[in-house]
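Each chain, written out:
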Amino acid sequence: MTNPDTTPGWAPSQPPGPSSPSASGWGVLGKRRNPVAAWLGLPLITLGIYGLVWIYKTNRELSQYERRIVVNPVMSVLACTLGVVLLVPPFVAAWRLGTRAAQAQRAAGVPQLSPGLAFVLFLIGFGPLYLQIEINKIWARYPTAVEGQQVPLAA
């Protein structure tokens, strides 16, 4: 019989309690998505609706993974829809999504993406492709874990 404390990839079902000094050292693993499907396939099939779903889910998963990322995913979606009227909010939402992904990568201990490059790629239409590739690197750090599982953070 194996000892769960020494099994690679094993994480306890419950993170440390809120009073524990390492309580922020745990996060919830997000979903690995096909970057091309998230960038082009599903948004084309759904006439752009999946792009908004992707923004919501990505923001939510990053905040659940790294508790220090504070975001309201609904506000990000609103910034990308109704915010178009004011011109600036979609750009702010794109920039912040890039910085959140970089912050989550820092917590995972993987090389960090460039938020500036992510923003420029958003401007020319390739932002979701780049960000999904980079976000998948976070989830790939835990090869034996499944979506929704508690995992330890590196930083």
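As a reminder, the structure under discussion sits directly above these lines.
These numbers were taken from a predicted model, which means no experiment stands behind them.

Conventions we followed
Residues numbered from 1 in each chain as written. Predicted model: local features only at pLDDT ≥ 70, side-chain atom pairs only at ≥ 80, totals over all residues. Heavy atoms only, no water. Core = buried A, V, L, I, M, F, W, Y, C linked by side-chain atoms within 4.5 Å. Buried < 20%, exposed > 50% of the residue type's maximum accessible area, 1.4 Å probe, protein only. Helix = DSSP H or I, 4+ residues; strand = E, 2+ residues; numbered from the N terminus. Contact = heavy atoms within 4.5 Å. Salt bridge = Lys/Arg side-chain N within 4 Å of Asp/Glu carboxyl O. Axes fitted to C-alpha atoms, helices over the stretch in contact; angles between N-to-C directions. Left-handed = near helix turned anticlockwise from the far one by under 90°. Nonpolar A, V, L, I, M, F, W, Y, C, P; charged D, E, K, R; others polar.

Looking at this model, I keep getting lost on the nonpolar core. Mind explaining?
Taken as a class, soluble globular proteins show a tendency for nonpolar side chains to be buried jointly. Residues Trp 54, Leu 62, Tyr 65, Leu 113, Leu 131, Ile 138 and Tyr 142 are the most contacted members of the largest nonpolar core, which totals 29 residues. Looking at this core element by element, the count peaks at 6 residues for helix 4 (residues 89–108). Contacts of Tyr 65, omitting those with residues within four sequence positions, involve Trp 26, Gly 27, Val 28, Ala 104, Ala 107, Ala 108, Ile 138, Trp 139, Tyr 142, Val 151 and Leu 153.

Would you explain the pattern of salt bridges in this entry?
It is possible for side chains of opposite charge to pair when their charged atoms get near one another. One pass over the structure, following the stated rule, counts 3 salt bridges. Between Glu 66 and Arg 68 there is a salt bridge; the shortest N-O distance is 2.8 Å. Across the salt bridge formed by Lys 137 and Glu 134, the nearest N and O atoms sit 3.0 Å from each other. Taken together, the positions of Lys 137 and Glu 134, both in helix 6 (residues 127–140) and 3 residues apart, correspond to about one turn of that helix.

Help me understand the packing of helix 2 (residues 49–65) against helix 4, please; the structure alone is not making it clear to me.
Between helix 2 and helix 4, the least distance of the axes is 10 Å, while the angle of their chain directions is 35°. Relative to helix 4, helix 2 is oriented so that their crossing is left-handed. Contacts from Trp 54, Thr 58, Asn 59, Leu 62 and Tyr 65 of helix 2 reach helix 4 at Leu 97, Arg 100, Ala 101, Ala 104, Ala 107 and Ala 108. Residues that form the contact of helix 2 with helix 4 fall into these classes: 8 nonpolar, 2 polar and 1 charged.

Is there a simple way to think about the side chain of Glu 61 in this case?
Structurally, the position occupied by Glu 61 is in helix 2. Leaving out residues up to four positions away in the same chain, Glu 61 has contacts with Val 28, Gly 30, Lys 31, Arg 33 and Trp 139.

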